[in-house]
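Next come the chains, spelled out residue by residue.
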Amino acid sequence: NQALNNPDQEEKWTIDVYGSLHYDDLQDPSNSVHDDNFHFTREVYSRVIKPGERHAIVHVVLTTPGVTEVPIDEAKGDPWVGWTDLEEPNITAQREIEITKPSHLGWLSRAVNENLPSSFTPPTDPTFEGHTLKIKNNINLGNVVWEPIGIDQNKCFAGNIDAENPTPEEGYPDSFLISGFNLTYTLEKPVSQQWVGLFAYVKSPKITNLRVEGNISIGTNSYSDNLQVGGIVGHVHSKTSFENCHWKGDITVLAGTSSFIGGISGASGTNNSEYIECSSEIKNFVLRNSLTNNSAYGYAGGITGATSSSFVSINLKGCEFKKGSKITANGSWRLGGIIGYMNGGSVKACKNAADIMVSGINDQVGGIVGHVLDGSIIACYNTGSITVDNGSTGANYPGVGGIVGAFQTGRILRACFSTGRIDPSREIERNAGNIVGNYTLTLAGTNYDFSKIKNNYHIGPFRAADTNEGLDIGDIEEFSPVNWPDPDVQDGWGTGDGSDDNKLWHPYFPDSYGT
């Protein structure tokens, strides 16, 4: 009451509380806390949120020895009432579009999609090219069905996007959160092209520090071709750098041929887009398509689906598909924990901890990448289980692997490890392995180059050594207490972040066997 009734200034009151704390983490019991002598300090202070409104802000400060963190219920802001509430945001002299409430973001959607007139002086390009969209508050979209920002390459957002919080409260993330995102489409008739996400279509040079929480559900009555679905962006038109971007929420998609689905983005359409230290957490990632032949696929990954054009490279570094996530797919898929398909570029120092279950035909499924036509996979690791049922051994190189499902003509696969269980059906078992499921060269008369695949390790829940019709696949060794990669001596291993060719090691790589 004192906090709310203080009319003049921000003040703080401290209350000491003694009691018991019992917290059970069902997913990771090691995080559970049981303490009958628990002590914490509750800090209460008042703050003017906007003129005429004063709120009491409460923080819990732990003082019990041994307890370092409890989940913080982040204030997500007042929920949006919907499309009747649109408000033009402020734009600064530095060409920053300041988003401080949901009505600003709703206005931006209509401004881009419908060329909504603005009072900006001077008038702006309707794509906002050269501007920066600055998220300056936690934004709660209130589960109102969202209208994605962007329609096509002519009506899209082309400015930078940034949600950095320069002064975060202790214990809070360093970026603002967009929550209550709800995208639900029921497609009564198949469509030929559909881009879906918070931003449907972008030409943004940079997207940084963006966190989005919500749910996406697309299609219940029809299969639609060429869907591109991402938690943050559906289609990336030009070279874009995603850095420190995160998606959390369920994704369900009923798709047709050549559809691309990912936690951060659906697909990239041009060379050298990059994803740096991005993550997704998708408890229910449900994918279905109607494909039953040996030449058509859907593409899906925990971070991004694939590149949507041939011979387009992509680079991912330090990305993670988080523990507790699960992909359940039915149909024909090129599917990976990080990316479904790549044809150039690299995946470095990335981790998949999600479980993957696929039931379909001719699937290519990997803990990191489903299918590598070209590109390098370096210093990545998988701890999630992979189960593939009823996989065909027809054309187009089906395979299931702890790191890569099908490695076709890739440049190198080095210094990776997998500890997840690989469980293939009988039909696809000969194209399954703890590191690589299927290694196939498409050039007639070309010998297998096993030097491309070296210094990779696994704990062998499925098989002791990876084989492809009796052929050893590179330098792949089974973990044991005495056979653990030493960062100081193993070629391709070393402490680092993947940026130096001789220091390609994920920072969370365990120190010893069994940890």
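In this numbering scheme, every chain counts its residues from 1 along its sequence in written order. In view of the model being predicted, local features appear only for residues whose pLDDT reaches at least 70, and side-chain atom pairs are presented and counted only at 80 or more, with totals across whole chains, interfaces and linings using the full set of residues. Water and hydrogen atoms were dropped before computing side-chain values, which therefore reflect all heavy atoms in the structure.

Asks: Account for the overall build of the chain, naming residues and giving values.
Replies: For the chain, the count of helices and strands is two helices and 48 strands. Think of it in three bands: residues with accessible area under 20% of the maximum for their type are buried, residues over 50% are exposed, and the middle band is partly exposed, with areas taken using a 1.4 Å probe on protein chains only. Here the chain holds 515 residues, and 52% of them are scored as buried. Every accessible area reported is derived by Shrake-Rupley at a probe size of 1.4 Å, with residue values counting cover from the shown protein chains alone. Carbon and sulfur atoms form 46% of the exposed surface of the chain, whose accessible area is close to 22200 Å². Secondary structure elements follow DSSP: runs of H or I of four or more residues count as helices, runs of E of two or more count as strands, with numbering from the N terminus.

Asks: Break down helix 2 (residues 102-114) for me, with residues and values.
Replies: A helix's residues, less one, multiplied by 1.5 Å, set its expected span. Here helix 2 spans 18 Å end to end across 13 residues, near enough to the 18 Å set by a 1.5 Å rise per residue. All of the buried residues in helix 2 are Pro-102, Ser-103, His-104, Leu-105, Gly-106, Trp-107, Leu-108, Ser-109, Arg-110, Ala-111, Val-112 and Asn-113. Here, two residues are considered to be in contact whenever any of their heavy atoms come within 4.5 Å of each other. Contacts from the buried residues of helix 2 go to strand 5 (96-99), strand 6 (132-135), strand 7 (139-140) and strand 9 (177-185).

Asks: Tell me what's going on with the state of the cysteines, and back it up with residues and numbers.
Replies: The disulfide criterion is simple: two cysteine sulfur atoms within 2.5 Å. Enumeration according to the criterion identifies zero disulfides in this entry. Cysteine Cys-350 remains unbridged, with the sulfur of Cys-319 as its closest cysteine sulfur at 4.6 Å. For Cys-350, a relative accessible area of 0% puts it in the buried group. There is no disulfide at Cys-380, and the cysteine sulfur nearest it, in Cys-350, is 4.8 Å away. Cys-380 sits in the buried class, given a relative accessible area of 1%.

Asks: Tell me about the packing of aromatic side chains, and name the residues and values.
Replies: Here is the rule: rings of Phe, Tyr and Trp (six-membered ring for Trp) pair when centre to centre is within 6.5 Å. Planes less than 30 degrees apart are stacked, more than 60 are edge-to-face, and the remainder are tilted. The full count for this structure, using the stated rule, is 14 aromatic pairs. Residues Phe-285 and Phe-321 carry aromatic rings whose centres are separated by 6.5 Å and whose planes lie at 90° to one another, so their mutual orientation is edge-to-face. Note that Phe-285 is positioned in strand 23 (residues 285-289) and Phe-321 in strand 27 (residues 320-321), a separation of 36 residues in sequence. Taken individually, Phe-285 and Phe-321 each receive the classification buried, so the pair is uniform in this respect. Joined through ring pairs, the aromatic side chains of Trp-107, Phe-128, Phe-157 and Phe-199 make up one cluster.

Asks: So what's going on with the pairing of strand 14 (residues 227-230)? Which residues, and what values?
Replies: Covered by surrounding structure in strand 14 are Leu-227 and Val-229 together with Gln-228 and Gly-230, the residues of both alternating faces. Pairing analysis gives three bridges linking strand 10 (residues 194-196) to strand 14, with the strands arranged parallel. Directly across from Trp-195, in strand 14, lies its bridge partner Gln-228. Here, any two strands with at least 2 DSSP bridges between them count as paired. Where strand 14 and strand 19 (residues 260-262) come together, three bridges link them in parallel fashion. Its bridge partner being in strand 19, Gly-230 is matched across the sheet by Gly-262.

Asks: Explain the sheet that holds strand 14 to me, using residue names and the numbers behind them.
Replies: Taken together, eight strands build an open sheet; the order of strands is 10-14-19-24-29-33-37-42 and the sheet is parallel. Both edges of this open sheet fall to strand 10 and strand 42 (432-433), since each of them pairs with a single strand only.

Asks: Can you explain the pattern of salt bridges? Please cite residues and give values.
Replies: Salt bridges are defined by distance alone: a side-chain nitrogen of Lys or Arg within 4 Å of a carboxyl oxygen of Asp or Glu. Enumeration according to the criterion identifies seven salt bridges in this entry. The salt bridge partner of Glu-114 is Arg-110, with a shortest N-O separation of 3.7 Å. Taken as a pair, Glu-114 and Arg-110 lie in helix 2 at a separation of four residues, close to a single helical turn. Residue Glu-114 is classed as partly exposed on the basis of its relative accessible area, which comes to 49%. Since its relative accessible area comes to 17%, Arg-110 is described here as buried. Between Asp-162 and Lys-134 there is a salt bridge whose closest N-O contact spans 2.8 Å.

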